[in-house]
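# Structure at a glance
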Amino acid sequence: MTTPTTPSASPTSAAPHIEVDGRRATTADDLLVPTLYGGYAHFTAMQVRDGRVRGFHLHLARLDAATREVFGAGLDGELVRERVRHALDGAGVRDGAVRVYVFRAPETEAATLMVTVRPPVTMPPAPQALMSVPYERPFPHIKHLGGFAQTHYGRIARRAGFDDALLTGPGGVVAEGAIANIAFYDGTSVVWPDAPSLHGITMALLETRLPESGGLPSVRGPVTLDGLAGYRAAFVTNSQGVAPVRRIDDVELAVDEELMKRVVSVYEATPWDRV
């Protein structure tokens, strides 16, 4: 199978193609459920290339598990697949940044699925600077809506000259980035913080594949702000890709080029699943 090409970053401000339960959303009524009940919902975000997604089966499992926990019933993966295909066809694209949102209005048995399609985007490869903030997401294992605090902290961090925020708990325990997972390298192993956080799809793929394909042990462990100097390097991951971290607050971290080559190589070799 030919690996889909990855376009360079595209603006995310373009108006998205939106479908609700398989129909193009063109009126206020079409968006009634997402508008009224959007504060109590969950979603997944993925990058599609040539109709394929890295770890699409993990996205389906995430949506099913969260729907069971939040709404008390599972979500048919084939229905999700059908809705994503339909939205891509409706947008007339094979590449895109796709999100699948799951809502449910009171007194209804079936969940409402909203799929949005925007231009594709990749994570800028430049090393990032992160500003630590005292915030832990509620129900962090669910990719839920209502992330005012993490969005606001991200904006505060960028106004302060950083690329994004790093969420931390009491005692400076590192959990996750505002919109990414973070991993640290101690010279031997890749260490993912074991504080409560979202188990991102790219993180899940790398956790499995780094030891198998990259020769890098991947472990969970406690990470604290006062212990950052003990790590040789760090990087962040999300649906847009992987990027090194050069600084957290006033702690400078080396950009380990060899580490990043191995991590990116493993990531780029991850098979793409047909939607």
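Keep in mind that this is a model prediction, so the values were computed, not measured.

Parameters at a glance
Residues numbered from 1 in each chain as written. Predicted model: local features only at pLDDT ≥ 70, side-chain atom pairs only at ≥ 80, totals over all residues. Heavy atoms only, no water. Core = buried A, V, L, I, M, F, W, Y, C linked by side-chain atoms within 4.5 Å. Buried < 20%, exposed > 50% of the residue type's maximum accessible area, 1.4 Å probe, protein only. Helix = DSSP H or I, 4+ residues; strand = E, 2+ residues; numbered from the N terminus. Contact = heavy atoms within 4.5 Å. Expected span 1.5 Å × (residues − 1). Arc of directions from axis to C-beta. Polar contact = N/O pair within 3.5 Å; in protein donor to acceptor, adjacent residues only side chain to side chain. pLDDT = per-residue confidence, 0-100. Pairing = 2+ DSSP bridges. Axes fitted to C-alpha atoms, helices over the stretch in contact; angles between N-to-C directions. Parallel < 35°, antiparallel > 145°, perpendicular 65-115°, else oblique. Nonpolar A, V, L, I, M, F, W, Y, C, P; charged D, E, K, R; others polar. Salt bridge = Lys/Arg side-chain N within 4 Å of Asp/Glu carboxyl O.

## So, the nonpolar core
In terms of nonpolar packing, the biggest core is built from 19 residues, with Met 46, Val 80, Val 84, Val 98 and Val 100 touching the most fellow members. Elements that contribute at least two residues to this core include exactly strand E3 (42–49), helix H2 (56–71), helix H3 (77–91), strand E5 (96–103) and strand E6 (112–118). When near neighbours in sequence (up to four residues on either side) are disregarded, Val 80 contacts Leu 60, Leu 63, Leu 75, Val 100 and Leu 113. Among the nonpolar cores identified, the runner-up in size contains 17 residues, and Met 123, Phe 184, Val 236 and Leu 253 belong to it.

## With respect to helix H6 (residues 257–268)
Relative to the 16 Å expected for twelve residues at 1.5 Å per residue, H6 spans 16 Å between its end C-alpha atoms, a close match to the ideal helical length. Within H6, burial applies to Leu 259, Met 260, Val 263, Val 266 and Tyr 267. Within H6, the buried residues cover an arc of 135° as seen down the axis, which keeps them to one side. Relative to its buried face, H6 has exposed residues pointing more than 90 degrees away, namely Glu 257 and Lys 261. On its buried side, H6 packs onto strand E4 (52–54), strand E10 (181–185), helix H5 (201–214), strand E13 (233–238) and strand E14 (241–248). By the N-cap criterion, in which a side-chain oxygen at the helix start approaches the backbone nitrogen of a residue two or three places on, H6 is capped by Asp 256, the distance to Glu 258 being 3.2 Å.

## Let's talk about the confidence of the model for the protein
Fine structural detail should not be taken from predicted coordinates in areas where pLDDT scores are low. Confidence in the prediction of the protein, expressed as mean pLDDT, is 93, and 95% of residues score 70 or more. Note that pLDDT drops below 50 for residues 1–12; the model gives that stretch 24 contacts with residues more than four away or on any other chain.

## Some details on the sheet that holds E4
With respect to topology, seven strands assemble into an open sheet ordered E2-E1-E6-E5-E3-E4-E16, the strand pairing being antiparallel. The open sheet has two free edges, formed respectively by strand E2 (23–24) and strand E16 (272–274), since each of these has just one partner strand. As paired strands, E3 and E4 are joined by two bridges and run antiparallel to one another. By the bridge assignment, Arg 49 is partnered in E4 with Arg 52.

## Re the packing of H5 against H6
The interhelical angle for the contact between H5 and H6, taken along N-to-C directions, is 110°, at an axis separation of 9 Å. Between H5 and H6, the angle is such that the two are roughly perpendicular. Seen from H5, the contacting residues are Thr 202, Leu 206, Arg 209, Leu 210, Ser 213 and Gly 214; seen from H6, they are Arg 262, Val 263, Val 266 and Tyr 267. Partitioning the contact of H5 with H6 into residue classes produces five nonpolar, three polar and two charged.

## Comments concerning the side chain of Glu 207
Residue placement: Glu 207 occurs in helix H5. Owing to a relative accessible area of 18%, Glu 207 belongs among the buried residues under this scheme.

## Thoughts on the pattern of salt bridges
This model, assessed by the stated rule, comprises ten salt bridges. Linking Arg 68 and Asp 64 is a salt bridge whose minimum nitrogen-to-oxygen distance equals 3.0 Å. In this pair, Arg 68 and Asp 64 both sit in helix H2, four residues apart, roughly one turn of the helix. Note that Arg 232 is salt-bridged to Asp 256, the shortest N-O span being 3.2 Å. Here Asp 256 lies in the loop between strand E15 (251–252) and H6 and Arg 232 lies in the loop between strand E12 (218–221) and E13, a separation of 24 residues in the sequence. Arg 232 sits in the partly exposed class, given a relative accessible area of 46%. Residues joined by salt bridges that share partners form a network here, namely Asp 50, Arg 52 and Arg 94.

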